[in-house]
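# Observations on the model geometry
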Amino acid sequence: MSFDNLSRVTQERPLRMLLVNAGESDALTWAGLVQPLRLAAAALGRDVLHLETMTPAQVVLAQPGWHIALLVADEGQSPLAPELSRAVIERCRSAEYWGGVGAGVLWLAAAGLMAGVRIALPWALYADTEGISERAILTPHLFELDGRHLSCCGGAASIDFSLTLIEHLFGATVQAGIKESLCIERVRSHEERQRVALQARFGALQPRLSEAVTLMETNIEEPLSTDDIANLVGLSRRQLERLFKQYLGSLPSRYYLELRLQRARQLLLETNHSIVQVGLMCGFSSGSHFSTAFGALFGNTPREERQRKLVPPTA
């Protein structure tokens, strides 16, 4: 689901946003999320964005009515006490859009509130998902919006998540001003994957899944077939598809295609290779196929994506 759907909550003024800090105030997960939003609130004024930051104990006593509410904690944070956790989660769920950042995502999933929902969970917490992965769909992305549910893996990705929220809620001009204040050149999109070795992310749980994704990542220019990958990791095609669906919320072929397109997008923005060369380097023998697949995933053509490299954002 596109983050563009968030724009409808901006029709009401002021937009009330709640951030519940269940961790340390100096943790990167919290600081990366709250600082861009504080700058946005200062620039826009309370009549446009009313940002409320609270501890778990404070939010239990607060008056509901938020448009967006997020439970935030660094991945190493211990869970809240059960009674307090239930009360905080119920407060967050009263918002139109709600979810978690960092360990907060795991706590929501552990409470059984992410059934069938795509969630972005910190890779370091994947080992704690026993019994959860069958209900929630774990994705390797930096952040997700699925229905009313928001999730972000935390850490440095909190900055990208926060700036993405600002863009879709208040526009690209507001986001550009905050990026300049924070000296941030590029905001990573929600489709981008957590930059960590696949062995570290999935190895302990599913070594064959890790091996399959590694095969995909090392065979971008000449893609392997799903049957080839299944044979190489010692699984049947059906078994491989089941693993991808359970842990990545996608079929192997779809995941592989998105991986190649993500690489193509990176090459378009960061190199001077021609669009035809980029397509060939990412396994597309046909320019039309490359353009169609790219547009279906990102909503613009490779040529339009290349223009983003050439044209600086307007303030």
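The rules behind these values
Residues numbered from 1 in each chain as written. Predicted model: local features only at pLDDT ≥ 70, side-chain atom pairs only at ≥ 80, totals over all residues. Heavy atoms only, no water. Helix = DSSP H or I, 4+ residues; strand = E, 2+ residues; numbered from the N terminus. Contact = heavy atoms within 4.5 Å. Pairing = 2+ DSSP bridges. Axes fitted to C-alpha atoms, helices over the stretch in contact; angles between N-to-C directions. pLDDT = per-residue confidence, 0-100. Buried < 20%, exposed > 50% of the residue type's maximum accessible area, 1.4 Å probe, protein only.

### Brief notes about the side chain of histidine 50
Structurally, histidine 50 is set in strand 2 (residues 49-54). When near neighbours in sequence (up to four residues on either side) are disregarded, histidine 50 contacts Pro14, Leu15, Arg16 and Met17.

### Re unusual backbone geometry
The general pattern is negative phi for most residues beyond glycine and trans for most peptide bonds. A positive phi angle, near 55°, is found at cysteine 183, a position not held by glycine. Considering the arrangement of structural elements, one finds cysteine 183 in the loop between helix 6 (172-182) and helix 7 (198-202).

### Some details on the sheet that holds strand 2
Spatial strand order, 2-1-3-4-8-7: six strands in an open sheet with mixed pairing. The sheet terminates laterally at strand 2 and strand 7 (143-146), the two strands that pair on one side only. Within this sheet the neighbouring strands show an average axis-to-axis angle of 15°, counted without direction. Against the sheet, helix 1 (residues 28-44) engages strand 1 (15-21), strand 2, strand 3 (68-73) and strand 4 (97-102), with an angle of about 150° to strand 2.

### Digging into the confidence of the model for the chain
In this model, the chain carries a mean pLDDT of 87, and residues with pLDDT of at least 70 account for 89%. Low pLDDT, under 50, characterises residues 311-315; the stretch is placed with two contacts to residues that sit more than four places away or in other chains.

### Considerations on helix 4 (residues 103-110)
The element helix 4 is extensively covered by neighbouring structure, given that seven of its eight residues are classed as buried. On its buried face, helix 4 is in contact with strand 3, helix 3 (82-93), strand 4, strand 5 (118-120) and strand 8 (149-152). Just downstream of helix 4 lies glycine 112, where phi reads positive at about 80°.

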